[in-house]
Amino acid sequence: MKANKKLSTKAADNIRILAASMVEKAKSGHPGGPMGGADFVHVLYSEFLKYDPSDMSWFARDRFYLDAGHMSAMLYGVQTLLGNYSINDIKDFRQWGSPTPGHPELDIERGIENTSGPLGLGHAFGIGSAIAERFLVARFGKVAEHKTYIYISDGGVQEEISQGAGRIAGFLGLGQIVMFYDANDIQLSTEVDVVTAEDTAKKYEAWDWHVMTIDGNDHDAIRKAIKAGNAEKSKPTLIIGKTVMGKGVSMEDGSSYEGKVELHGKPLSKSSASFEKTISGLGGDPENPFKIFPDVKAFYKKVVAENKAAARKRKTAYRNWAKKKPALHQKLQVFLSGNIPELDWKSIEQKEMDATRNASANVMSFLAGKVENLVISSADLCNSDKTEAYLKKTKEFKRGDFSGHFLQAGVAELSMAAIMIGMGLHGGVIPACATFFSFSDYQKPAIRVAALMEQPTIFIWTHDAFRVGEDGPTHQPVEQEAQIRLLEQLQNHSHQNSFLALRPADGHETTVAWKMALENKSAPTGLILSRQPVKQLPGRSRKTKAKNAAKGAYIVQDCEGTPDVILVANGSEVATLIEGAELLESKKKMKVRVVSVPSEGLFNNQSKAYRNKILPTGIRKFGLTAGLPVTMQGLVGADGKVFGMNHFGYSAPYKVLDEKFGFTGANVYKEVLKFLKKSKHHLFTLPQR
């Protein structure tokens, strides 16, 4: 709904007043950016963004992804005009228990589509969301169609992730994207020209974006640019809006104090500006700044009513479509639920001796065509991370063709991770992405925010340890598992583990790990997989026994009576423990239990009775890990011992490295005996049998 020029300016000024007042009352925050961006969000939300105010999670709504999370007061301001926040909510900006945190956190019911703060991620989330929209439109038609709007700042453009995300969006021709770049020439500590002189327009044009440069505070220019962006169907659009940092800010004498660096991150009263003069100059009351002007309130009430009416029409068209195409409608509902169909997991066969990355490939090949909304991506490694097994049964996304199920991301681990998370944020798609485990370091910023948002993206990490071998220490993970398992110990806001890390010990555990990943709807999952062949673990009904991996830890091989020692590991090292246990049993007549722990975090969630059954107190425990010893320390306890790596790897065949580093059954035998003999407080002596 278009307002007259005077009312439109007044509405933007109202957002400016609310934004400045939130920061002022909280005594912290970022007022300048929100004041400069108020014009764009007012025009976008009042005239272009389509959603259903009575059903905020409606799947066909337009999406708005804020990259510049420090501009939260701007977003909260416009959402207050729309009725999604109360005045008390914004008065509690940045306070304990408030729905208005310092940087926005995912809250669909209040119109917050993503958590933002680390610059560049929101940009990529939006691009991933737009890919998901194209994926659904390719299968269900116009009923799934909508626009994706993104708001980015100088910092987001500068962050390296923008290069990967921008390249992919342009390459795929994502014409449903309209991104506003708030180019106010001011950063947190400097003016932009102190750090860069690049031509942003030409950069995005080189990636095949449709680029416009406008006065970002001119409402007519904003309208014209958004219309042009929406009309462009074959390229994503970038609107470079030259805005004024702290638009409307005044000094005590009433003179302008716009465009100053300190306005980026300080309340107005803590800068050289005057809060009172600024609020009064914008038409507000400094004594009561948290106020919505009556005519602005009436205008936004009509905006909400119009959106409800437009949504009703679209939903009527959707219901008519559903009646005509019930099978498609049912499929769409399954996609949107996030649930997977019933699958015959037991039909998956795994080899006796195979790398778990190959076992993963067997699972992906099985899933192709059965989980129809599974989308997998690879960072130019599909022939090595074995996601090609999935690709061979589908095809890559291409410009104008999203009928496949695979995104070739190129060498861009961070961008790929964020884009796949964005696909999950959109809904209707189950996203998974793959790279080498050592390169998970590139992805950690995105993983952390996915964990915070409780987004169930699947990360496939192959080449899980020093056994990568000849590729050398740059490709050999050592500390990565310890890093990622810290997230298993961190709770999200729903008081659940914020991440599920699974390192399967053989092919059958790999099958179970994939099942767990697909069923995990409350957190991201990481599958940590070997490059080298791993022996299938011993025992009858191995496939059935491996299902116990779903409890995080279970007994792989046991003894009669109480064990003399319990050996603990995950991944490739479990088979090595089996070899060591055989030597301890045959040479020393010891009673040995071997435990596989694919997920310590999940194991810790089990009942105390179950945990004590698997790892009872009073029995010494020896852990083996190809990572840092701390990876297993919580499992063996303070009086246990972990044999692990405290150094980088070396370039050599993996079997040579196993010998050199002591990852053999013979060395497990030696280390266990050494541990038991040296222990001053062990509760038993070595058995004499």
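Each remark here, short or long, concerns the structure printed above.
Bear in mind the structure is a predicted one, so any value in this text is a computation, not a measurement.

### Some details on the nonpolar core
Core analysis: the largest hydrophobic core is formed by 83 residues, its most contacted members being Leu367, Trp514 and Leu567. In this structure, Ala144, Met416, Ile421 and Phe459 belong to the second largest nonpolar core, which totals 72 residues.

### Here we look at the packing of helix H7 (residues 161–172) against helix H15 (residues 413–426)
Between H7 and H15, the least distance of the axes is 8 Å, while the angle of their chain directions is 65 degrees. Relative to H15, the crossing made by H7 is right-handed. Residues Ile161, Gly164, Ala165 and Ile168 of H7 lie in contact with H15, whose contacting residues are Leu414, Ser415, Ala418 and Ile419. Of the residues contributing to the contact of H7 with H15, the split by class is 6 nonpolar, 2 polar and no charged.

### Regarding the side chain of glutamate 113
Residue position: glutamate 113 is located in the loop between helix H4 (87–91) and helix H5 (121–140). A distance of 2.7 Å separates polar atoms of two side chains, one belonging to glutamate 113 and the other to arginine 61. Once residues lying within four places of it in the same chain are set aside, the contact partners of glutamate 113 are Arg61, Asp62, Arg63, Phe64, Tyr65, Leu106, Ile108 and Leu425.

### Some remarks on the packing of aromatic side chains
In total, this model carries 27 aromatic pairs according to the counting rule given. Here a set of aromatic residues connected by ring pairs shows up, and it is made of Phe40, Tyr45, Phe64, Tyr151 and Phe180. The aromatic ring of phenylalanine 293 is capped on one face by lysine 10, whose charged end is 5.1 Å from the ring centroid. Over the ring of phenylalanine 135 we find arginine 139; its NZ or CZ atom is 3.6 Å from the centre of that ring.

### Considering the pairing of strand E17 (residues 621–624)
Burial of the side chains of E17 extends over both faces: Lys621 and Gly623 are buried on one face and Phe622 and Leu624 on the other. Both E17 and strand E18 (residues 641–643) contribute to a ladder of 3 bridges, which runs parallel. Paired with glycine 623 across the two strands is valine 642, which belongs to E18. Chirality of the crossover, the property in question, places the unit of E17, helix H23 (residues 630–636) and E18 among those that are right-handed.

### Some details on the packing of helix H20 (residues 573–588) against helix H25 (residues 665–678)
For the pair H20 and H25, the least separation of the axes is 7 Å and the interaxial angle reads 60 degrees. Between H20 and H25, the interaxial angle falls into the category oblique. For the pair H20 and H25, the sense of crossing is right-handed. For the pair H20 and H25, the contacting residues are Thr576, Leu577, Glu579, Gly580, Leu583, Leu584, Lys587 and Lys588 in the first and Gly665, Ala666, Val668, Tyr669, Val672 and Leu673 in the second. A per-class count over the contact of H20 with H25 returns 8 nonpolar, 3 polar and 3 charged.

### Points about the environment of tryptophan 514
Mapped onto the elements, tryptophan 514 comes out in helix H18 (residues 507–519). In this structure tryptophan 514 comes out as buried when scored by relative accessible area, which is 0%. Between the alpha carbons of tryptophan 514 and leucine 367 there is a distance of 9.9 Å; along the sequence they are 147 residues apart. The residues contacting tryptophan 514, other than those within four sequence positions of it, are Trp345, Ser360, Val363, Met364, Leu367, Ile458, Ile460 and Leu527.

### Describing H20
If you check H20, its first and last C-alpha atoms are 22 Å apart, about what 16 residues at 1.5 Å a residue would give, namely 22 Å. Listed in full, the buried residues belonging to H20 are Glu573, Val574, Ala575, Thr576, Leu577, Ile578, Gly580, Ala581 and Leu584. Residues of H20 that are buried make contact with strand E13 (534–535), strand E14 (554–557), strand E15 (565–569), strand E16 (592–596), E17 and H25. With its phi angle positive at about 55 degrees, lysine 589 sits one or two positions after the end of H20.

### Remarks on helix H1 (residues 5–26)
The end-to-end C-alpha separation of H1 is 32 Å, in line with the 32 Å expected for 22 residues at 1.5 Å each. Burial runs high along H1: 17 of the 22 residues are buried. Of the residues that open H1, the one with a side-chain oxygen 3.2 Å from the backbone nitrogen of lysine 6 is asparagine 4. Trailing H1 by a residue or two, lysine 27 shows a phi angle of about 65 degrees, which is positive.

### Focus: a positive patch on the surface
Where like charges cluster on the molecular surface, the positive patch consists of Lys587, Lys588, Lys670 and Lys677. Contributions of two or more residues to the positive patch are made by H20 and H25. Of note, lysine 677 is situated in helix H25. Owing to a relative accessible area of 58%, lysine 677 belongs among the exposed residues under this scheme.

### What about the sheet that holds E14?
Read from one edge to the other, the open sheet built from 5 strands follows the order E14-E16-E15-E17-E18, with strand pairing classed as mixed. Each having just a single partner strand, E14 and E18 make up the two edges of the open sheet. Recorded for the sheet is a direction-independent mean angle of 30 degrees between the axes of neighbouring strands. For E14 and E16, the ladder comprises 3 bridges, and the chain directions are antiparallel. Residue pairing across strands places isoleucine 555 opposite valine 595, the latter belonging to E16.

How each quantity is defined
- Residues numbered from 1 in each chain as written.
- Predicted model: local features only at pLDDT ≥ 70, side-chain atom pairs only at ≥ 80, totals over all residues.
- Heavy atoms only, no water.
- Core = buried A, V, L, I, M, F, W, Y, C linked by side-chain atoms within 4.5 Å.
- Buried < 20%, exposed > 50% of the residue type's maximum accessible area, 1.4 Å probe, protein only.
- Axes fitted to C-alpha atoms, helices over the stretch in contact; angles between N-to-C directions.
- Helix = DSSP H or I, 4+ residues; strand = E, 2+ residues; numbered from the N terminus.
- Left-handed = near helix turned anticlockwise from the far one by under 90°.
- Contact = heavy atoms within 4.5 Å.
- Nonpolar A, V, L, I, M, F, W, Y, C, P; charged D, E, K, R; others polar.
- Polar contact = N/O pair within 3.5 Å; in protein donor to acceptor, adjacent residues only side chain to side chain.
- Phe/Tyr/Trp six-rings, centres within 6.5 Å; stacked < 30°, edge-to-face > 60°.
- Lys NZ or Arg CZ within 6 Å of the ring centre and 35° of its normal.
- Pairing = 2+ DSSP bridges.
- Right-handed = clockwise from strand over helix to strand, strands pointing away.
- Parallel < 35°, antiparallel > 145°, perpendicular 65-115°, else oblique.
- Expected span 1.5 Å × (residues − 1).
- Patch = residues over 30% accessible without salt bridge, like charges linked within 9 Å, V, L, I, M, F, W, Y side chains within 5 Å.
- Areas by Shrake-Rupley, 256 points an atom, 1.4 Å probe, with all protein chains shown as cover.
- Salt bridge = Lys/Arg side-chain N within 4 Å of Asp/Glu carboxyl O.
- Lys, Arg positive; Asp, Glu negative; His and termini not counted.
- Charge placed at Lys NZ, Arg CZ, Asp CG, Glu CD.

The quantities given are spatial measurements derived from coordinates; they are silent on function.
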